[in-house]
Amino acid sequence: MFKIFLYTFFLLTTTIYTSELPDEDWFRKHLYDRQEYLCYLEADKEWFACDLNNKDSLKKIFKRLLKSHNSIIIPVFPTVYSPGSNLTSDKPYFDTILNRAEIKENDKVLVVGSGTGADVWAAWLKSKTKVYALDINPIAVANTLATARIAKFPVNVIEADITKNELPSDFSDFDFVLWNMPVLNDPENHFNLSVPAEVFHDGDDGTILNQFLKRLPSLLKKKGKAIIWNTKKAADLVYYNKEIIPHGKFAICIIQMTN
Ligand SMILES: C[S@@+](CC[C@H](N)C(=O)[O-])C[C@H]1O[C@@H](n2cnc3c(N)ncnc32)[C@H](O)[C@@H]1O
């Protein structure tokens, strides 16, 4: 009799307990709510990136994902710049990493301002070896690490302000330094990003560009290259040996160290 009582009690409590647990859909919905959003990255022949912030985008991308050979879905942590934002297409920067830059296997690459780690992933697809990265925003550092875990690539990412902080000694002798830079304000061309001070990823009064250019020789090895994505005006201000590839008001600037 006591055994039957115990058994009934057990059944009742488990039923009550499990019926209080939300179902799978509830979890999916709420996990999605708490995510700033997700971003789809594709690096087949060309770069493609798209934010997954609604059901429609998820459906469209799911079809793309099945056809692609090189694609991942990554989280975009709060405060971190999304490479899939529709407003700012950074495709020329990523296409340069994938196709034009000639990054070879085992090249030592540093990604400055790695954000979600999208460009770290793109660089790794070419170098197939550990990529170095840094960001001023600690949440971006965590985001880069999460992306590296998801895509299973090795990364050495640190929190640092490239304009100020001393870097570890192995952050030197790079074949390539890449940076999708905070955009240089350019009031003459009505290009003035008024972003709140706590936003790291955009707006530069020229200080970031200047300090970065000063530091570049200590980062690159002889004949090493830096690839930066900024306004055309910023590219014009670069005083090293350079090639500029304009894209409207923006430009890719490929800098080559000669000594
Ligand atoms: C335009 S976002 C690019 C993010 C990412 N690389 C991409 O392409 O999606 C610029 C990045 O530079 C970082 N950043 C801005 N100023 C920096 C500084 N002084 N030192 C290091 N990183 C910086 C920002 O936190 C941001 O992640």
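### With respect to the overall build of the protein
Part 1: Broken down by element type, the protein carries eight helices and 10 strands.
Part 2: Out of the 259 residues belonging to the protein, those deemed buried represent 36%.
Part 3: Taking the intrachain contacts of the protein between residues at least 6 apart in sequence as the baseline, contacts between residues at least 24 apart amount to 64%.

### A short note on helix H7 (residues 207–219)
Part 1: In this model, H7 (13 residues) spans 18 Å end to end at C-alpha, consistent with the 18 Å of a helix rising 1.5 Å per residue.
Part 2: The largest bend along H7 reaches roughly 30° and is located at Leu 213, with the proline Pro 217 sitting one to four residues downstream.

### Focus on the pairing of strand E9 (residues 242–247)
Part 1: When E9 meets strand E10 (residues 250–256), the two strands line up antiparallel, connected through six bridges. If you follow Glu 243 over to E10, its bridge partner there is Ile 254.
Part 2: Linking E9 to E10, which pair antiparallel, is a turn of two residues; within it Gly 248 sits at a positive phi near 60°.

### Observations concerning the sheet that holds strand E8 (residues 220–231)
Part 1: Reading across the sheet, the seven strands line up as E6-E5-E4-E7-E8-E10-E9 and stay open at both edges, with mixed pairing between neighbours. Of all the strands in the sheet, just strand E6 (155–159) and E9 have a single pairing partner and so form its edges. The mean angle between the axes of side-by-side strands here comes to 15°, regardless of whether they run parallel or antiparallel.
Part 2: Sheet analysis places strand E5 (residues 131–135) next to E6, joined by five bridges and oriented parallel. For Tyr 132, the partnering residue across the bridge sits in E6 and is Asn 156.

### Structural notes on unusual backbone geometry
Part 1: One non-glycine residue, Thr 79, lies in the positive phi region at around 75°.
Part 2: Relative to the elements of secondary structure, Thr 79 occurs in the loop between strand E3 (71–76) and helix H4 (91–100).
Part 3: Judged by local crowding, Thr 79 falls into the partly exposed class, with 16 C-beta atoms found within 10 Å.
Part 4: One non-glycine residue, Asp 173, lies in the positive phi region at around 60°.
Part 5: Structurally, Asp 173 is set in the loop between E6 and strand E7 (174–180).

### So, the nonpolar core
Part 1: Counting 66 residues, the largest nonpolar core has Val 109, Leu 110, Ala 123 and Val 177 as its most contacted members.
Part 2: It is helix H5 (residues 118–127) that provides the largest number of residues to this core, a total of six residues.
Part 3: With residues up to four places along the chain from it excluded, the contact list for Val 177 reads Leu 110, Val 112, Leu 216, Leu 219, Leu 220 and Ala 226.

### Structural notes on the sheet that holds strand E2 (residues 47–52)
Sheet strands line up and pair through hydrogen bonds in the backbone, either parallel or antiparallel.
Part 1: The strand order across the open sheet formed by three strands is E2-E1-E3, and the pairing between neighbours is antiparallel. Only two strands of the sheet have a single partner each, and these edge strands are E2 and E3. On average, each strand axis in the sheet is tilted by 20° relative to the strand beside it, whichever way the strands run.
Part 2: In this sheet, E3 lies alongside strand E1 (residues 37–43) in antiparallel orientation, the contact comprising six bridges. Within E3, the position partnered with Leu 38 by the bridge is Pro 75.
Part 3: Contacts between helix H3 (residues 55–67) and the sheet are confined to E1, E2 and E3, with E2 contributing the most and set at about 145° to the helix.

### A word on H4
Part 1: Within H4, burial applies to Tyr 93, Phe 94, Thr 96 and Ile 97. Down the axis of H4, the buried set is contained in an arc of 150°. They therefore lie on one face.
Part 2: Along its buried surface, H4 packs onto E2, H5, E7, E8 and E10.
Part 3: Once H4 ends, the next one or two residues include Glu 102, with phi positive near 60°.

### Notes on the packing of H4 against H5
Helices that pack against each other are described as a pair by the angle of their axes relative to one another and the distance between those axes.
Part 1: Between H4 and H5, whose axes approach to 9 Å, the crossing angle comes to 15°. In terms of axis orientation, H4 runs roughly parallel to H5. Remark: the crossing between H4 and H5 carries right-handed chirality. Where H4 approaches H5, its residues Phe 94, Ile 97 and Leu 98 are matched on the opposing element by Asp 119, Ala 122, Ala 123 and Lys 126.
Part 2: The class makeup of the residues in the contact of H4 with H5 is five nonpolar, no polar and two charged.

### Points about the confidence of the model for the protein
Part 1: The predicted model of the protein has a mean per-residue pLDDT of 86, with 79% of residues at 70 or higher.
Part 2: Counting contacts from residues 9–16, a segment whose pLDDT is below 50, to residues more than four positions away or on other chains yields zero contacts.

Rules of the game
- Throughout, a residue's number is its position along its own chain's written sequence, starting from 1.
- Only residues with pLDDT of 70 or above have their local features reported here, since the model is predicted, and side-chain atom pairs are shown and tallied only from 80 upward, although totals for entire chains, interfaces and linings are computed over all residues.
- Put simply, DSSP marks the helices as runs of H or I at least four residues long and the strands as runs of E at least two long, and each gets a number from the N terminus on.
- To sort residues by burial, count the other C-beta atoms lying within 10 Å of each one's C-beta; a count of 20 or more means buried, 12 or fewer means exposed, and anything in between means partly exposed. C-beta atoms are built from the backbone.
- Contacts are defined on C-beta atoms placed from the backbone: any two residues whose C-beta positions lie within 7 Å are in contact.
- By this rule, a helix spans an expected 1.5 Å times one less than how many residues it contains.
- The bend reported for a residue corresponds to the angle between axes fitted to the seven residues ending at that residue and the seven starting there.
- Strand pairing is assigned whenever DSSP detects at least two bridges linking the two strands.
- Axis definition: a line fit to C-alpha positions, over the contact stretch in the case of helices; interaxial angles, taken between N-to-C directions, run 0 to 180 degrees.
- To count as a nonpolar core, a set of buried Ala, Val, Leu, Ile, Met, Phe, Trp, Tyr and Cys residues must be joined through C-beta atoms within 7 Å.
- Here the arc refers to the directions that run from the helix axis out to each C-beta atom.
- Orientation is classified from the angle alone, with under 35 degrees giving roughly parallel, over 145 giving roughly antiparallel, 65 to 115 giving roughly perpendicular, and any other angle giving oblique.
- The handedness criterion is simple: a crossing whose near helix is rotated anticlockwise from the far helix by less than a right angle is left-handed, and one whose near helix is rotated clockwise is right-handed.
- Here the nonpolar group is Ala, Val, Leu, Ile, Met, Phe, Trp, Tyr, Cys and Pro; Asp, Glu, Lys and Arg are the charged ones; every other residue, Gly included, is treated as polar.
- Known as pLDDT, the predictor's per-residue confidence is scaled from 0 to 100.

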